[in-house]
Amino acid sequence: MYAIAVLAGLASLEQGGAAPVHAQAPGSSAPYTVLSREGRRPLPARVLGGQEMFALEDLSRLFEFTVKEDTLAGGLTIETRGQSIVLSPGQGLASVGGRLISLPAAPVRDGGRWFVPVDFVPRALAAAAGTRLELRKPSRLVLVGDVRVPRVAGTIDALGALAKVTLDVAPATPHEVTQDGSRLIVRFQADALDATLPAAPPSELVTGVRPGDDAAAIAIELGPRFGSYRASDQPGDRGAARLVIDILAATTAPAPGTSAPVPGPAPPVDPPPLLDLPPAGALRTIVIDAGHGGEEEGARGPQGTLEKEVTLSVARRLKAALESRLGVRVILTRDGDQTVGLDERAALANNNKADLFVSLHANASVRASAAGAEVFYLSLAEYGDQAERVARGESEALPVFGGGTRDIEVILWEMAQARYIEQSAAFARLVEATLRERVPMSPRAIQQAPFRVLVGANMPAVLVEMGFITNPDQERQLASDTFQASIVQALVDGIVQYRDTSVRSSRSAAPVERSGGSEREARRPVPPESGMRG
Amino acid sequence: MTVVLLAIAGAVVALIVLRQSGPAPAAATDPAPAPSAAPERRITATLYYVSEDGMALVGVQREIPFGETVLEQAQQIVQAQLEPAPQPLVSAIPPGTTLRAMYVTERGEAFVDLSVEARTRHPGGALDELFTVYSIVDALTVNMPAILRVQILVEGSEVDTLAGHVDLRNPLQKNLQWVRSDTLP
């Protein structure tokens, strides 16, 4: 199954403005769509110096600010309705009302126009204008003010005489399901949808799930065997909701009064699926992230063993073991020596709705004696209040242009991991225990850290440092078949235990294994003799 | 019109002045003006280096030059932290890394702009990357109450990470999780 990202109602993009500039010229990238109460406007983006950028003049037209260039001091000043922003060429910093905000690149002049990194919009412009400007890079959206654009992620499971369409909606949004001829229409109370809709499997019940006729609707195209449907709402995690639509086949005898003939013998009943739909909490998809790759070599051992080679080798073995022994779908973030961005790795897991994310790494130290495996999960303290808001699924009163406020549930998807931190901690503890049975552990065997690859993962996620490649003994181990097999076995064991724990807890509502106190206190004391000395 | 232009020029100049390394008007968090210091005046600060077993940072008391302002003192601390470690400890900062510029805001955020060696000469490894980042973050936040959070920049811009692990897109607060207190020499 693959997923296609669709912005519902994209067809109406052309209205009320110039058509978007499509990616043609070198350095151009797909345009963004700015969604506000006033409608949709295209916003071209370009790649300059490896950074995605907006032209300042495009932004000034859309968001109604003025730009003044000080040729003497070489600065740019942006006057919004609220505060002013000062930019200096050569510096990836913006001064917003005296506060410094970092940017991934300095402003760049190209062809007589000034360009700023796309992150300028949510970080600097939003702060200065005092309004919400949310940048959703994967779906190429800029949300302005109080527009409601819930994310909808769909899956279809075809199970013989039943097809199940599941729509995960975040934040939870009121909706209604109606039948319109050969389609079911799901209409949300929203301004637009940020939808990832599945490709339909071959089925005579559902032939497709597509954007609906208006921007806040999804249409489920029904197949020839459609008989009836039932829709049910389930609460989801922290402010999200799940809408399940069961589509049932018509009984073989036509219902009285219907004229639909059933030609010839009844179509053969599809063989029952080999596996029932896994219960909630079970594992269907696991993403294994082979750390580094391509130009990013990672760490290097004294004999020249490269971290990126060890991580790829273990990732491939782990994929084979999980697929054959657990029957789950396993996706690797890379299956070769490519450079893969940290955002892309989490995005791959999110787009495939993975149930677990395991990032594999080998550690390095300036001390050759450092040795042992470590398991990390995300630390939220470094992300401040934002992460706590995400974790609690809170709504926020947003100022509306023209006065007043409106409650909007803001889910900061760049910090999706905040919602799963307790599951990640439980998973990390299980993996630490199963690793300890098979490989030497570091004295710091389980820890929390602000790791970039974990923060955007929208599922329980851990990062495993398998050993220190800078330790000569461990370098040999990491490159060996036996050690890699031990790591793989330990990770399979940990994943099986996590699966069994989470299935049990979702069935009996028993809490996932958790020690009391904060996450930091929950770290297990590690006996000093367990650390290997190289 | 003239007033507006002057205001703009003032704002730009303010941003540029902050990065000067010589005596300069510092951030507004500056304490009451100190009496003019003798050139040899020094303070004791705690700096952070990799322990002998490589598994932690350890704090070491060192004498460093006194800085008149918050900004100058912060620069002195980072400069000292970038210098080689006292034996038998090892610096967590890649060799050749220099301080390009530094900014301190009224909100207690310090921006430490390092040269490209911080990335290109980093040996990799999550633990050593944590040590690189937190030796700087903790040296500033532990020694300077006026500095609450620290963001590391490279060559004037924000970076995702130094070596592929630690998220540097936001200012980081003090974190002594990586510091081992029982091995202070």
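Above this note sits the structure.
What you see is a predicted model; the values in this text were computed from it and never measured.

## Structural notes on the overall build of chain B
Part 1 of the argument: When helices and strands are counted, chain B shows four helices and seven strands.
Part 2 of the argument: Of the regular secondary structure in chain B, the N- to C-terminal order runs α-β-β-α-β-β-α-α-β-β-β.
Part 3 of the argument: The long-range fraction of contacts in chain B, counting pairs at least 24 apart against all pairs at least 6 apart in sequence, stands at 66%.

## Remarks on the nonpolar core
Part 1 of the argument: Counting residues in each nonpolar core, the largest one holds 196 residues, and the members touching the most others are Val462 of chain A together with Leu57, Ala74 and Leu140 of chain B.
Part 2 of the argument: By residue number, the principal contributor to this core is helix H4 (residues 126-143) of chain B, which donates 10 residues.

## What about the pairing of strand S12 (residues 133-136) of chain A?
Residue and element names in this part refer to chain A.
Part 1 of the argument: Of the pairings in the sheet, the one linking S12 to strand S13 (residues 141-144) comprises four bridges and is antiparallel in character. Its bridge partner being in S13, Arg136 is matched across the sheet by Leu141.
Part 2 of the argument: From the end of S12 to the start of S13, which pair antiparallel, there are four residues, and Arg140 there has a positive phi angle of about 55°.

## Overview of helix H2 (residues 70-82) of chain B
Part 1 of the argument: With 13 residues, H2 of chain B extends 18 Å between its outermost C-alpha atoms, agreeing within 8% with the 18 Å of an ideal straight helix rising 1.5 Å per residue.
Part 2 of the argument: Summarising burial for H2 of chain B: 10 of the 13 residues are buried, a large majority.

## Section: the interface of chain B and chain A
Part 1 of the argument: Chain B puts 39 residues into the contact, and the matching count from chain A is 48 residues.
Part 2 of the argument: Those elements that provide at least two residues to the side of chain B that touches chain A are helix H1 (2-17), strand S4 (109-114), H4, strand S5 (149-154), strand S6 (157-158) and strand S7 (172-173) of chain B.
Part 3 of the argument: The residue inventory of the side of chain B that touches chain A, partitioned by class, reads 19 nonpolar, 12 polar and eight charged.

## Comments concerning the sheet that holds strand S8 (residues 93-96) of chain A
Adjacent strands of a sheet form backbone hydrogen bonds with each other and so pair up, either parallel or antiparallel.
Residue and element names in this part refer to chain A.
Part 1 of the argument: The antiparallel open sheet is built from five strands, whose spatial order is S5-S6-S7-S8-S9. For this open sheet the edge positions go to strand S5 (66-70) and strand S9 (99-102), each flanked by a neighbour on one side alone. This sheet shows a mean twist of 25° between the axes of neighbouring strands, independent of strand direction.
Part 2 of the argument: Sheet topology note: the strand S7 (residues 84-87)/S8 ladder contains three bridges and is antiparallel. For Ile85, the partnering residue across the bridge sits in S8 and is Val96.

## A look at the sheet that holds strand S19 (residues 206-211) of chain A
All names here are of chain A.
Part 1 of the argument: Across the sheet, which stays open at both edges, the four strands sit in the order S16-S17-S20-S19 with antiparallel pairing between neighbours. Each edge of the open sheet carries a strand with a single partner, namely strand S16 (175-180) and S19. Each strand axis lies, on average, 15° off the axis of its neighbour in the sheet, ignoring direction.
Part 2 of the argument: Across five bridges, strand S17 (residues 183-188) lies against strand S20 (residues 217-222) in antiparallel orientation.

## Let's talk about the packing of H2 of chain B against H4 of chain B
All names here are of chain B.
Part 1 of the argument: Direction vectors running N to C along H2 and H4 enclose 140°, while the axes themselves pass 10 Å from each other. Between H2 and H4, the interaxial angle falls into the category oblique. For H2 against H4, the interelement crossing comes out right-handed. When H2 is examined against H4, the residues Ala74, Ile77, Val78 and Gln81 are found in contact with a partner set consisting of Ser135, Ile136, Ala139, Leu140 and Asn143.
Part 2 of the argument: Looking at the contact of H2 with H4 residue by residue, the class counts come to six nonpolar, three polar and no charged.

## Describing unusual backbone geometry
Part 1 of the argument: Between Ala170 of chain A and Pro171 of chain A the backbone carries a cis peptide bond, its omega angle lying at -10°.
Part 2 of the argument: Here Pro171 of chain A is to be found in the loop between strand S15 (162-170) and S16.
Part 3 of the argument: The peptide bond linking Gln87 of chain B to Pro88 of chain B adopts the cis configuration, its omega dihedral lying at 0°.
Part 4 of the argument: As for its placement among the helices and strands, Pro88 of chain B is situated in the loop between H2 and strand S3 (99-104).
Part 5 of the argument: Positioned with a positive phi, Glu64 of chain A is a non-glycine residue whose angle comes to about 55°.

Conventions adopted
Residues numbered from 1 in each chain as written. Chains lettered and ligands numbered in written order. Predicted model: local features only at pLDDT ≥ 70, side-chain atom pairs only at ≥ 80, totals over all residues. Helix = DSSP H or I, 4+ residues; strand = E, 2+ residues; numbered from the N terminus. Contact = placed C-beta atoms within 7 Å. Core = buried A, V, L, I, M, F, W, Y, C linked by C-beta atoms within 7 Å. Buried ≥ 20, exposed ≤ 12 C-beta atoms within 10 Å, placed from the backbone. Pairing = 2+ DSSP bridges. Expected span 1.5 Å × (residues − 1). Nonpolar A, V, L, I, M, F, W, Y, C, P; charged D, E, K, R; others polar. Axes fitted to C-alpha atoms, helices over the stretch in contact; angles between N-to-C directions. Parallel < 35°, antiparallel > 145°, perpendicular 65-115°, else oblique. Left-handed = near helix turned anticlockwise from the far one by under 90°.

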